[in-house]
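Examining the three-dimensional arrangement
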Amino acid sequence: MEPFLGANRLNWDDRAELHSTDTTGSYHIENVLAGGSNLYELETREVGDIVGKDIVHLQCHIGLDTISLKNLGAGSVTGLDFSPTAIAAARDFAAKAGTDVRFVEAPLFEAVEALGRTFDIAYVTWGSVNWLDDVFRWARVVADLLRPGGRLYLAEGHPLMFQCDRKAAALEFKHDWRTPIARPLAWNEELTYTGDDRILKHPRYYEWIHPVSDVVNALISAGLTLDFLNEHDTVSWQHFSFAVRAGKDMYGLPENSPKIPMAYSIGATKRSVGKISYLVTAKAIEGH
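Source: prediction; values computed, not measured.

Calculation notes
- Residues numbered from 1 in each chain as written.
- Predicted model: local features only at pLDDT ≥ 70, side-chain atom pairs only at ≥ 80, totals over all residues.
- Heavy atoms only, no water.
- Helix = DSSP H or I, 4+ residues; strand = E, 2+ residues; numbered from the N terminus.
- Rg over C-alpha atoms; globule rule 2.2 N^0.38 Å.
- Buried < 20%, exposed > 50% of the residue type's maximum accessible area, 1.4 Å probe, protein only.
- Pairing = 2+ DSSP bridges.
- Contact = heavy atoms within 4.5 Å.
- Right-handed = clockwise from strand over helix to strand, strands pointing away.
- UniProt positions renumbered as here; feature names shortened; annotations may be inferred.
- Axes fitted to C-alpha atoms, helices over the stretch in contact; angles between N-to-C directions.
- Parallel < 35°, antiparallel > 145°, perpendicular 65-115°, else oblique.
- Nonpolar A, V, L, I, M, F, W, Y, C, P; charged D, E, K, R; others polar.

1. A few points about the overall build of the protein
In terms of regular secondary structure, the protein is built from 10 helices and 12 strands. A globule of 288 residues ought to have a C-alpha radius of gyration of about 19 Å, and the protein, at 18 Å, matches this closely. Viewed in the frame of its principal axes, the protein has a C-alpha envelope of about 50 × 50 × 40 Å. For the protein, with 288 residues in total, the buried portion stands at 57%.

2. Description of the sheet that holds strand β11 (residues 251-252)
Read across the sheet, three strands follow the order β9-β11-β10 without closing on themselves; strand pairing throughout is antiparallel. The two strands at the open ends of the sheet, each matched to only one other strand, are β9 (234-235) and β10 (244-245).

3. Details of the environment of D65
You can see D65 is positioned in helix α4 (residues 64-71). Note on D65: relative accessible area 18%, which makes it buried. Sequence separation between D65 and G25 is 40 residues, and the spatial gap between their C-alpha atoms is 15 Å. If we ignore the near neighbours within four places in the chain, the residues touching D65 are N38, L39, E43, H57 and T125.

4. Here's the deal with the pairing of strand β5 (residues 146-157)
Here strand β4 (residues 119-125) runs beside β5; their pairing, made up of six bridges, is parallel. Considered in β5, the bridge of F119 is made with L146. Viewed along the sheet, the connection from β4 through helix α7 (residues 135-145) into β5 turns out right-handed. The pairing of β5 with strand β12 (residues 263-270) spans seven bridges and is antiparallel. Note on β12: the bridge partner recorded for R151 is T269.

5. What about unusual backbone geometry?
In this model, H28 sits at a positive phi of 50°, which is unusual for a non-glycine residue. Along the chain, the position of H28 falls in the loop between α1 (2-19) and α2 (29-33). In this model, W126 sits at a positive phi of 55°, which is unusual for a non-glycine residue. If you trace the backbone, W126 turns up in the loop between β4 and α7. You can call W126 buried: its relative accessible area is 12%.

6. Topic: the UniProt feature "domain: Methyltransferase type" (unreviewed entry) in the protein
Taking the UniProt record as the reference, the feature "domain: Methyltransferase type" (unreviewed entry) is found at residues 57-152. Overall, residues 57-152 shows 40% helix and 27% strand. The separation of its end C-alpha atoms is 10 Å.

7. Quick look at the packing of α1 against helix α5 (residues 84-97)
At a closest axis distance of 7 Å, the pairing of α1 and α5 adopts a crossing angle of 25°. By the angle between their directions, the pair α1 and α5 is classed as roughly parallel. Within the contact between the two elements, α1 uses D13, A16 and E17 and α5 uses P84, T85 and A86. Its residues assigned to classes, the contact of α1 with α5 shows three nonpolar, one polar and two charged.

Shown next as C-alpha cells:
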C-alpha cells in the first residue's frame, strides 16, 4: 500500500499548505482562532455531549475542527494526521488561538502506538474512510483508542455519491460499490476542493469506496454497538459541479435532479467486553 499512501501524503501536504493559508473563506480560520467553531450544524447536533470529555480527532488535517471541539467545551482534544505539513499548521493555529490542544503526526493505522492513551470520544468527519484501504483495520484502531463506554462519531460522504461520476453534468454511475484494496480509484486533480486557484504540486491521489454495510460490520466486529445510522441529502463540499448550496456551507442536488444520499453519519459505543465473532471479517470480503 505504500505507493498509494505515499502519494496521498504528498497530496495532503500540498492541500495543507493551501488550506492553512486559505483565502476563499472555506475554513473560517479567524472564527476558530477567536474562539468560535468550524463544526457544521449536523455534527454539532449529532455528536452529543462533549463537555469535559477527552476527544481524539483522527485525520485532523490542519486542526481547525480539533480546536473547535476544545472551544466547545471538551476537556482535552488530541488531533492526529499523517501529514507533517498539516500537523505543523495545526500546532501553529493552536498557538495563535492560545488553546491547549495536542497534535500528533502519525499514520492512522499507527495511532494506538503513537497516542499511547485512550479517549471518551473518537471524532472522524468528512473525507476520512475513503482515504483508507482497509475499513476493518480502521475500526479496530477506533475501538482500541476508546475506553469502555467510549463513543465514536463519524460523518462521511456516502458511498453511493462516490460511485457517481463527479465530472459528469448529471448523476451517472461510474464506479463499483466496493473498491478492491489493491486497485484503488486513481485521480489527477490540480486544484483542491476549496475553490483556491493555486496548483497542487502533487495532483495524484488514491481513494477507496467502502459500502456502509462494511463500515457498520467493521465497527460491530471491533466491539462497538451502533447507536444510530443516519443518511443525509447534503454533504459538506461541492462534490458535483451541479450541486447547489443547501443551508450554511452544505451542498445538495438541484430540484430537477433525482435525490440520492450524499452523506451518512454513525454514532457507536464501545462495549465493555468482547467482540462478535460471527460477523463478516475483512478477510472474507477481500475477494469482491
